[in-house]
Amino acid sequence: PQTIRLAVIPGDGIGPEVVAEAVKVLDAVTAGSDLAFEKTPFSLGAARYLETGDVLTDADLASIAEHDAILLGAVGGVPGDPRLANANIERGLLLKLRFSLDHYVNLRPTTLFPGIASPLANPGDVDFVVVREGTEGPYVGNGGAIRQGTPHEIANEVSVNTAYGVERVVRYAFEQAESRRKKLTLVHKTNVLTFAGGLWKRIVDAVAAEHPDVAVDYLHVDAATIFLVTNPARFDVIVTDNLFGDILTDLAAAISGGIGLAASGNINPAGDFPSMFEPVHGSAPDIAGQQKADPTAAILSVALLLRHLGAPELAERVEAAVTADLATRAADSAAAARRTAEIGDAIAAGVAQN
Ligand code: NAD
Ligand code: IPM
Ligand code: MN
């Protein structure tokens, strides 16, 4: 069998709880397959910082980069914890990984699984994917403050959009559309953010000319939030910048059964660096350590990992077992009360049988 070196970063809060179940399902689905996983655990996150003062050392980063792929739970402490005020775990760890490993595609699929209750009365057939840019935009840290702490403070946070960076993610989004229902929606705010929006719009129009069979439309981000609630079935592929994509994908999770089901991949398509798979949710300090977290998002992230590694049949087995488990939990009140590890057990048993 082919051996995949997998870096595993359980992280903080519910991260270790959901990653344990994701690994359980990964082991179950790959048993007897052509893929073997050699896993290296990395202790990173707020807990590690509080213990050692390190967020992500150069040695950590170099060692992670030697792997074929990364599975991450969630990082970040309790928002507002004064001991973490100067740590900036999100920027120094999560964003540092995404930027250093050139994860320019942040792929976030949204599906309303059978039996799952959406908060929307008539959600329709929800099945779309957000292609969120992952290395640019307002996330780059191109900011600063002058006269900080005074009434005359000026705080800047500049959104950086390069033609190179936008074009490569737009091309990826068109390829996704080609393999799906051939519809692509650019979401931006061209009416106000004229420079960045103008660049995105011109690039989408130019690449669209190479994909005459893909229907392209455009929505301002504020209007996109309306349609995600009133008619999410209209979407197939959404391509958007880093910040808009962050916000829209929590909304997408909410309409499709909740943040506990939303998976993502931080992808470097050329394979120059390992791609990283993680739930969309955070460390959920409010439910951490109680076996209350739904590990489904982490488990579906394993399916994205398997598809990325060129094993779509293993990915489909994970997705089928998740679909069956969600249907059981929706139909049966005892199953609905399952705890984190019990959900993982049920899905692992499902993949062992399917
Ligand atoms: P969060 O996603 O951690 O939690 C939001 C709400 O969703 C909470 O009520 C939580 O209990 C619930 N929730 C989240 N995941 C769940 C699951 N699997 N099952 C059931 N319920 C779930 O967002 P937050 O509270 O804004 O952030 C908490 C910490 O996580 C912060 O430090 C934040 O910066 C960090 N964060 C990390 C990541 C990441 O590592 N990728 C992503 C988002 C937030
Ligand atoms: C996410 C998270 C991160 C983001 C934070 C924790 C940096 O919200 O993965 O969606 O904004 O990308
Ligand atoms: Mn987010």
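Since the model is a prediction, treat every value here as computed from it, not as a measurement.

Thresholds, definitions, all that
Residues numbered from 1 in each chain as written. Chains lettered and ligands numbered in written order. Predicted model: local features only at pLDDT ≥ 70, side-chain atom pairs only at ≥ 80, totals over all residues. Core = buried A, V, L, I, M, F, W, Y, C linked by C-beta atoms within 7 Å. Buried ≥ 20, exposed ≤ 12 C-beta atoms within 10 Å, placed from the backbone. Helix = DSSP H or I, 4+ residues; strand = E, 2+ residues; numbered from the N terminus. Domains from an automatic or database assignment. Contact = placed C-beta atoms within 7 Å. Nonpolar A, V, L, I, M, F, W, Y, C, P; charged D, E, K, R; others polar. pLDDT = per-residue confidence, 0-100. Arc of directions from axis to C-beta. Near = placed C-beta within 6 Å. UniProt positions renumbered as here; feature names shortened; annotations may be inferred. Axes fitted to C-alpha atoms, helices over the stretch in contact; angles between N-to-C directions. Parallel < 35°, antiparallel > 145°, perpendicular 65-115°, else oblique. Left-handed = near helix turned anticlockwise from the far one by under 90°.

A. Summary view of the nonpolar core. Counting 97 residues, the largest nonpolar core has Ala22, Val25, Val131, Val302 and Val318 as the members making the most contacts within it. Top contributing element to this core by residue count: helix 9 (residues 296-308), with nine residues. Each of two domains, domain 1 (1-106 + 262-354) and domain 2 (118-132 + 162-256), supplies a minimum of three residues to this core. The residues touching Ala22, leaving out its near neighbours within four places in the chain, are Leu71, Pro295, Ala298, Ile299, Ser301 and Val302.

B. Structural context of the domain arrangement of the chain. On domain assignment, one finds that the chain holds domain 1 (1-106 + 262-354) and domain 2 (118-132 + 162-256). Taking only C-alpha atoms, the centre of domain 1 and the centre of domain 2 are 25 Å apart. The residue inventory of the side of domain 1 that touches domain 2, partitioned by class, reads five nonpolar, one polar and no charged.

C. The arrangement of the confidence of the model for the chain in detail. This prediction gives the chain a mean pLDDT of 97; 100% of its residues lie at or above 70. Per the prediction output, this complex has pTM 0.97; the corresponding ipTM is 0.98.

D. Quick look at helix 4 (residues 89-100). Here helix 4 has its buried residues at Ile89, Leu93, Leu94 and Leu97. Down the axis of helix 4, the buried set is contained in an arc of 75°. They therefore lie on one face. The secondary structure elements touched by the buried residues of helix 4 are helix 2 (46-52) and strand 12 (275-279). Taken from the residues just after helix 4, Asp102 is the one with a positive phi, measuring 50°.

E. Structural view of the site of ligand 2. Residues in close proximity to ligand 2 include Gly76, Glu90, Leu94, Leu95, Asp246, Val280 and Gly282, which together make up its full environment. Of all the elements, helix 4 adds the most residues to the shell around ligand 2, at three residues. Considered class by class, the residues forming the shell around ligand 2 number three nonpolar, two polar and two charged.

F. Summary view of the UniProt feature "site: Important for catalysis" (unreviewed entry) in the chain. The residues that UniProt annotates with the feature "site: Important for catalysis" (unreviewed entry) are Tyr139 and Lys189. Tyr139 sits in the buried class, given 21 other C-beta atoms within 10 Å. Sequence-distant contacts of Tyr139, defined by excluding residues within four places in its chain, comprise Leu95, Asn242 and Leu243. Residue placement: Lys189 occurs in the loop between strand 8 (183-188) and helix 6 (194-208). If we skip the residues at most four places from it in the chain, Lys189 touches Gly197, His220 and Val221.

G. Representation of the site of ligand 1 within the structure. Around ligand 1, the structure places 22 residues, and the nearest of them are Gly76, Gly260, His281, Gly282 and Ala284. For the shell around ligand 1, a count of residues per class yields 12 nonpolar, six polar and four charged.

H. Local environment of the packing of helix 5 (residues 163-178) against helix 6. For the pair helix 5 and helix 6, the least separation of the axes is 10 Å and the interaxial angle reads 45°. Classified by the angle their axes make, helix 5 and helix 6 are oblique. When you trace helix 5 past helix 6, the crossing you get is right-handed. Taking contact as the criterion, the partners of Ala163, Val166, Glu167, Val170, Arg171 and Phe174 in helix 5 are, on helix 6, Leu199, Trp200, Ile203, Val204 and Val207.

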